Amino acid sequence: MANRPPTATPQLSRRTKTLLIVAAVALVVLLGGARLVDVYVDWAWFGEVGFRGVFTTILWTRVLQFVVAALLMGGLLALNLVIAYRVRPVFVPVAGAGAEDPVARYRTVVLARPRWFAIGIPAVVALIAGLSAQADWQTVQLFLNSTPFGVEDPVFGHDISFYVFQLPFYRWLLSWLFVAIAVSFVAALVAHYLFGGIRLAGRNGAVAPAARAHLAVLVGTFVLFKAVAYFFDRYELLFSDRKAAEGGANFFGATYTDLNAAMPAKLILLIIALICAAAFFSAVVLRNLQIPAIALALLVLSSVLVGAAWPAVLEQFSVRPNAIDREADSISRNIAATRQAFALNNVGVIPYAPQVASAAGNAAVPPQDVANSQATLNNIRIQDPSRLNRTFAVQQQLTNFYAFSPQLDIDRYPIGDQRQDFVLAAREINPDALIGNQQDWINRHLVYTHGQGIVSAPADRVNVPSNAEASQGGLPAFDVSDSSNPGPFNISPDGARIYYGEFLGGTDDYAIVGGNPGLAPREFDGPGRPASAYTGPGGVSLGNWAQRLIFAAAYGERNILFNGSIGSDSRIIYNRTPIERVEKVAPWLRTDVDPYPAVVDGRLQWIVDGYTTLPRYPYAQQVDLGQATSDSLRPATPAGSAGYMRNSVKATVDAYSGEVKLYQIDEQDPVLKTWMGVFPDVVRPASEISPSLRAHFRYPEDIFKVQRELLTRYHVENPRDFFSTQNFWTIPEDPTRESNASIPPYYLLAGDPRPGAIPDTQFQMTSTLLALSRPNLSAYMSVSSEPETYGQMTVLELPAQLTGDQRGPQGPQQVQAELLTSNSVNQGLFPLRQSGTPVQVQYGNLLTLPVAGGLLYVEPIYVERNAQTSFPQLFGVIARFNNGDIGYAPTLQGALQAAFQGVPLPPGLTVPGLGPTPSQPSQATPGANTGGGPLPSGVPGQALSPELSEAVTGMNDALDRLAQAQAARDYRGIGDAEAALDAAIQRFRNATGAAATPTGG
């Protein structure tokens, strides 16, 4: 029997309709209005920095993707709903007399307003789909601007660009087609049930022929797309992590099982999927669902047997028993691809056999070898930037709201005709450190607007040597370059003012500069200095009420609207951190976490390293960037993974004007070329880099850590050795920190580490590597930051075994343990511990340096007196050459003299902080304390003054007496020896002071 006549549907009153419309409009204004304000604020900012093309390219890409996805999802859904409506049964029978159709009332509502549902539901789905699709704008742009790599994969012979630019787009498009068909199928299924094409009443129910044909076409189309997915799945096997997932040999890429089981299985499943799709399409004509059902069951069964069981059986019974042979080709491909993806192809691994002595002491080192190491010995860094933040803060911060970065920076500058590495810290404004009335809105945003200058200190010296009593020794030899003092770097007044810096990253950290003359508060420019006013080009105009209203709404601050000092010339400065500015103008770059300041042509510039990365690269190892870049100074943070990484861009941010410039430094990187096609004229060519700027480029830390992590395994070339983990290395733990985290790499000036290289000074980054699960040193890794050899990486591979009674090269933990238990170090620290002043001993970075055919270890020791205003001071230096004597002294030269006992040093050798020997003219370093005169020891070939010789002899005698008294527990003797040592040290200072000014470090 037919359905009952539909009952009347309830009608909304006019008042209710009006209220609903008003509520909808208010909701749109609240949600959309805030978004429009944010869009305008970004648009204005991009215009200020001159990168509005980036904003519009991203905006229009997202808009187009939104429209396309919305039309695809909404259009397909609307089409299927219309089809279901058009083919609905005229009469919907109800099984059994007196039975009631369970969906009759819903059908009545829909049929009363069919257009509302036919348009409204697809519109909502289209909106959701469009918002989701527009986020993947990078995938689309990489596909449209794909650049060939010129490298083919070893399996299919396709250019790598297919896998990293085109394949992701095809998979992304296919995923949206899957979603569109799935949503359409569900909507059609519900619509046919609602309109009576599908009936569940009765014993078996019934499906109308039109509904059956409609749903069969949708399922057939879905299965057809699945066949296409199987086709692309073959290429995805080149990114396989099967071995890593199984816990076996940790290499990436298609394995023997993938190539010989999984790949054929994909082709078989592809054919079965095509047959299954054809079976569903045939249901339109045959009007029989048994054949499609059988085909679908065959596809499911095949995916289990062929797609999963077959590869598992092959892996278990053929590959694992013979893995070293089966996987050799795959491992070779993995090694080659990883080196290609992470720029490790040209790393020079050089055998280095240091002249390691037996336990008895040093081996004889030819004097010429020491002479050839002057480039390293003359520049040994004893200042650890990770220990000096509080020292800089107490000595040079000046106010509570100035601040220095927790991790100070190292860079080099020309001083006269020499280069010097400096510890550097920009004196920035820190809004979070404002207290009391300083936090008032006017003070925070109109008065305390900028930092002031850069503080520097030579990295290889201190002001004067420290001792147990003195509180002003062991400090950095500070120099300040700011708006009132050009300092050693010749900085300009405006170039020294820091309106953009690392501490200015909060959502409320904006500054308003300029304004009505006489009404605007003058900006604080430092203690004792007159107030200043910003005259640079940075910031967005607040010159009209519309602008002020928009930014008042953006920041939720009515003072922007009503403050009388804001006038026609006022501008608002925001997005003020260097990393934030670079990432906004180049959202496709991954930036290094450590931007560093450099004075370039009189202006303070922030230099930010930019990386082009890809999540995957065929056969290449995927690296967890958070883990790989963590060390004892930086905890591991989520940072995603990468299968490709290049340091292709150097960016600068002017600390005063905020100007952002991006430079191309890798002209061969296809990923960068692709992005330069997306955003033309954003990245400047390398030819526009000035020599003065290039001279301050450092090889960045993050990519060095990633390459270091990879080289622990991928220096091995033989696939059999790789599979067996033979000769693998590991990154040592930092022995100077309590955590078990990795040792950080170190920037320093030193000679070229390659044996036989020209003895010239290089600014480089270095790290040591250990044997796998062993404490012995296995390799020394360094990379050059010099303009001529930038990125040139050298790995010195040390011998695994030595003969006779020789001891192998020691790793940092072994060296640290012997240093801290040595008599010389304990004797040096004894006066400090007996001084009566509570102190905390801190150990600075342990440097390992290839010197004179051997290895020199140098470590500074800092002390911090337990007081409210305490700070670390350099108290002494430890040095050791090879496995020989451990030298400790308040100065570096003293420690080196003790470490090189018995090794003839040639006349003319310059030791840091002492200046030249008598055979060389003295070259003073402007702005730093220097010294002159001979080595203060009985080193062969060196002449000592009688006073200095007497002082050194007295110190040695006193130390011997002190050691004997300590061994005998003769406390009176200990006191007498300490008094004699103090007197000898004072005679030493008087003698060196008579010859020259006090020496440093």
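Bear in mind the structure is a predicted one, so any value in this text is a computation, not a measurement.

Procedures and definitions
- Residues numbered from 1 in each chain as written.
- Predicted model: local features only at pLDDT ≥ 70, side-chain atom pairs only at ≥ 80, totals over all residues.
- Heavy atoms only, no water.
- Pairing = 2+ DSSP bridges.
- Helix = DSSP H or I, 4+ residues; strand = E, 2+ residues; numbered from the N terminus.
- Axes fitted to C-alpha atoms, helices over the stretch in contact; angles between N-to-C directions.
- Polar contact = N/O pair within 3.5 Å; in protein donor to acceptor, adjacent residues only side chain to side chain.
- Contact = heavy atoms within 4.5 Å.
- Core = buried A, V, L, I, M, F, W, Y, C linked by side-chain atoms within 4.5 Å.
- Buried < 20%, exposed > 50% of the residue type's maximum accessible area, 1.4 Å probe, protein only.
- Arc of directions from axis to C-beta.
- Right-handed = clockwise from strand over helix to strand, strands pointing away.

K.L.:
Help me understand the sheet that holds strand 6 (residues 418–426), please; the structure alone is not making it clear to me.
P.N.:
As a general point, the strands of a sheet are linked pairwise by backbone hydrogen bonds and lie either parallel or antiparallel. Read across the open sheet, the 4 strands follow the order 5-6-9-10; overall the sheet is antiparallel. With partners counted over all chains shown, the strands left at the sheet margins are strand 5 (409–415) and strand 10 (479–481), one partner each. Mean inter-strand twist for the sheet, computed between neighbouring axes without regard to direction, equals 40 degrees. Here 5 bridges tie strand 6 to strand 9 (residues 454–458), and the two strands are oriented antiparallel to one another. Each residue of the ladder has a partner; that of Val 423, found in strand 9, is Ala 457.

K.L.:
For this particular structure, what's the right way to read the side chain of Ser 386?
P.N.:
Position of Ser 386 relative to the elements: it lies in the loop between helix 14 (374–377) and helix 15 (389–396). Among the polar contacts listed, one links the side chain of Ser 386 to the side chain of Asp 384, at a separation of 2.8 Å. Here the side chain of Ser 386 touches Arg 737 through a polar contact of 2.7 Å, side chain to side chain. For Ser 386, the contacting residues outside a window of four places in its chain are Gln 407, Leu 633 and Arg 737.

K.L.:
Looking at this model, I keep getting lost on the nonpolar core. Mind explaining?
P.N.:
Nonpolar side chains tend toward joint burial in soluble globular proteins. Counting 183 residues, the largest nonpolar core has Phe 392 and Leu 662 as the members making the most contacts within it. Among the elements that make up this core, the one with the highest residue count is helix 6 (residues 160–195) (9 residues). In this view, Phe 392 contacts Gln 397, Phe 404, Leu 408, Val 423, Ala 425, Val 455, Ala 457, Pro 476 and Phe 478; residues no more than four positions away in its chain are not counted. Counting 13 residues, the second largest nonpolar core, distinct from the first, contains Val 223, Ala 227, Ile 272 and Ala 295.

K.L.:
Would you mind going over unusual backbone geometry with me for this structure?
P.N.:
What you tend to see is this: most non-glycine residues have negative phi, and most peptide bonds are trans. A positive phi angle, close to 80 degrees, is found at Leu 398, a residue other than glycine. Turning to its location among the elements, Leu 398 is positioned in the loop between helix 15 and strand 4 (402–403). A relative accessible area of 52% places Leu 398 in the exposed class. Its identity as a non-glycine residue notwithstanding, Thr 725 has a phi of 55 degrees, on the positive side. Counting through the fold element by element, Thr 725 comes out in the loop between helix 24 (719–723) and strand 23 (729–730).

K.L.:
Just checking my understanding: could you explain helix 19 (residues 578–585) for this structure?
P.N.:
At 3.6 residues per turn, the α-helix brings residues three or four places apart onto the same side. What helix 19 keeps buried is the set Pro 578, Arg 581, Val 582 and Val 585. Projected down its long axis, helix 19 shows its buried positions confined to an angular sector of 95 degrees, all on one face.

K.L.:
I keep staring at the pairing of strand 21 (residues 660–664) and nothing clicks. Help me out?
P.N.:
For strand 21, a buried count of 4 out of 5 residues is recorded, marking the element as mostly surrounded by other parts of the structure. Bridge count between strand 20 (residues 644–654) and strand 21: 5 bridges; the pairing is antiparallel. Its bridge partner lying in strand 21, Val 649 is registered against Gln 664. Connecting strand 20 to the next strand, strand 21, in antiparallel fashion are 5 residues, including Gly 658 with a positive phi near 80 degrees. Taken together, the 2 bridges between strand 21 and strand 22 (residues 683–684) define a ladder with parallel strand orientation. The partner of Leu 662 across the bridge, within strand 22, is Val 683. In this view, the connection linking strand 21 to its parallel neighbour strand 22 by way of helix 21 (residues 670–678) has right-handed handedness.

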